[in-house]
Amino acid sequence: MTAPLLQARGLRKRFGGLRVTDGVDLDVRAGEIHALIGPNGAGKTTLVAQLSGELPSDQGALFLDGRDITRLPMHARARLGLVRSFQITRLFRSLSVAEHMAFALRAARQETSASAVRHSLERVGLAGREAHGTEQLSHGEQRALEVGLALASAPRLVLLDEPMAGLGAQETPAMTERIGQLRGECAVLLIEHDVDAVFRLADRVSVLVNGAVIASGPPDAVRRDPGVLAAYLGEGAA
Ligand SMILES: Nc1ncnc2c1ncn2[C@@H]1O[C@H](COP(=O)(O)OP(=O)(O)OP(=O)(O)O)[C@@H](O)[C@H]1O
């Protein structure tokens, strides 16, 4: 089997006396949708920050396509194709949807013609919203734009931290479908609390508990794993 696209080995991060990630081993394969689930406070968001380069790891190593990227800063990881999505509130409120996308495409040194912008918006279901301000978008559309902006650089692996958070019953299936459409195009590491959506969508699932991955594999195997049932899914969530 080919080597994983992303390999994390023994990643650790502590805040003061609190060991938040405590020896994380994780493999993400090219083109797969890989969900990372776990209880509140397990360290998922911290791990994503370590993977993206936002937060330096105290220990451990990270490889992208076999290359050691442990000490590379965020922008260098992004240039190699490892990106994360950000909340658009962190960008400019005054920009239209199309301007946000043009900005992201330019930053990624991609084509910024009107048709390139439209194409990038269409793939996340935002065709026809070009001229809108981001405050005019529904919550679901804002989350879709965030995913679209992360995809602007044509990444090899995109890290999505709770893209379904706060979405209504009507918006969740659309986001699930959109993420599903990325399969094979780029790898996705998806942090998600909606366990039903995760088990429907993911090719593989890893479960983080107390800062360590306790199980990793296809959804069916993970949902039956005795350790996972005991530590996380035992309340009938799966
Ligand atoms: N910058 C920080 N300084 C101190 N403690 C932190 C910091 N960031 C996170 N923590 C703590 O680390 C623990 C794990 O947080 P993290 O947000 O990574 O977990 P999570 O699995 O993403 O949780 P959730 O599912 O609730 O979003 C929590 O106890 C949190 O309070």
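Note that the structure is a prediction, hence the values are computed from the model and not measured.

### Some remarks on the sheet that holds strand E4 (residues 59-64)
Strand pairing in a sheet takes place through backbone hydrogen bonds and is either antiparallel or parallel in direction. Across the sheet, four strands lie side by side as E2-E1-E4-E5; this open sheet has antiparallel pairing. Two strands in the sheet have a free side with no partner beyond their single neighbour: strand E2 (18-28) and strand E5 (67-68). Sheet analysis places E4 next to E5, joined by two bridges and oriented antiparallel. Paired with Phe-63 across the bridge in E5 is Asp-68.

### Quick look at the packing of helix H3 (residues 97-107) against helix H4 (residues 114-122)
Pairs of packed helices are described in terms of their axes, by the angle between the two and the distance that separates them. Running from N to C, H3 and H4 point in directions that differ by 105°, and their axes come no closer than 9 Å. Taken together, the axis directions place H3 and H4 in an arrangement best described as roughly perpendicular. Contacts between H3 and H4 involve Val-97, Ala-98, Met-101, Ala-102 and Leu-105 from the first element and Ala-116, Val-117, Ser-120 and Leu-121 from the second. Broken down by class, the residue content of the contact of H3 with H4 amounts to eight nonpolar, one polar and no charged.

### Overview of H3
Listed as buried for H3 are Val-97, His-100, Met-101, Ala-102, Ala-104 and Leu-105. Tucked into the core, H3 has its buried residues touching H4 and helix H5 (139-151). Just downstream of H3 lies Arg-109, where phi reads positive at about 55°.

### Quick notes on the nonpolar core
Membership of the largest hydrophobic core comes to 63 residues, with the highest contact counts inside it found for Met-101, Leu-157, Val-158, Val-188, Leu-190 and Val-207. Here the element with the most residues in this core is H5; it accounts for six residues. Taken domain by domain, this core gets at least three of its residues from each of domain 1 (1-12 + 30-81 + 155-237) and domain 2 (89-154). In this structure Val-207 touches Ile-37, Gly-38, Val-213, Ile-214, Ala-215, Val-222, Val-228 and Tyr-232, once residues within four positions along its chain are discounted.

### What to know about the domain arrangement of the protein
Under the domain assignment used here, the protein contains domain 1 (1-12 + 30-81 + 155-237) and domain 2 (89-154). If you average the C-alpha positions of domain 1 and of domain 2, the two centres end up 24 Å apart. At the interface, eleven residues of domain 1 touch eleven residues of domain 2. Those elements that provide at least two residues to the side of domain 1 that touches domain 2 are strand E7 (157-161) and helix H6 (171-180). It is H6 that provides the largest number of residues to the side of domain 1 that touches domain 2, a total of four residues. Across the side of domain 1 that touches domain 2, the residue classes tally to eight nonpolar, one polar and two charged.

### Re the site of the ligand
Taken together, Phe-15, Leu-18, Val-20, Gly-38, Asn-40, Gly-41, Ala-42, Gly-43, Lys-44, Thr-45 and Thr-46 make up the full set of residues adjacent to the ligand. Of all the elements in the fold, those that place two or more residues in the shell around the ligand are E2 and helix H1 (44-52). In terms of residue count, H1 provides more of the shell around the ligand than any other element does, three residues in total. Broken down by class, the residue content of the shell around the ligand amounts to four nonpolar, six polar and one charged.

### Side note on the packing of H3 against H5
Interaxial distance between H3 and H5 falls to 9 Å at its minimum, and their mutual angle equals 25°. Classified by the angle their axes make, H3 and H5 are roughly parallel. For the pair H3 and H5, the crossing hand works out as right-handed. Residues Val-97, His-100, Met-101 and Ala-104 of H3 lie in contact with H5, whose contacting residues are Leu-145, Gly-148 and Leu-149.

### Overview of helix H9 (residues 226-233)
Restricting attention to buried positions, one finds in H9 the residues Val-228, Tyr-232 and Leu-233. Relative to the axis of H9, the buried residues are bounded by an arc of 55° and lie together on one face. For H9, exposure combined with an orientation more than 90 degrees from the buried face picks out Pro-226, Gly-227 and Ala-230. Among the structural elements, strand E9 (204-209), strand E10 (212-217) and helix H8 (219-224) are those in contact with the buried residues of H9.

Conventions adopted
Residues numbered from 1 in each chain as written. Predicted model: local features only at pLDDT ≥ 70, side-chain atom pairs only at ≥ 80, totals over all residues. Pairing = 2+ DSSP bridges. Helix = DSSP H or I, 4+ residues; strand = E, 2+ residues; numbered from the N terminus. Axes fitted to C-alpha atoms, helices over the stretch in contact; angles between N-to-C directions. Parallel < 35°, antiparallel > 145°, perpendicular 65-115°, else oblique. Contact = placed C-beta atoms within 7 Å. Nonpolar A, V, L, I, M, F, W, Y, C, P; charged D, E, K, R; others polar. Buried ≥ 20, exposed ≤ 12 C-beta atoms within 10 Å, placed from the backbone. Core = buried A, V, L, I, M, F, W, Y, C linked by C-beta atoms within 7 Å. Domains from an automatic or database assignment. Near = placed C-beta within 6 Å. Left-handed = near helix turned anticlockwise from the far one by under 90°. Arc of directions from axis to C-beta.

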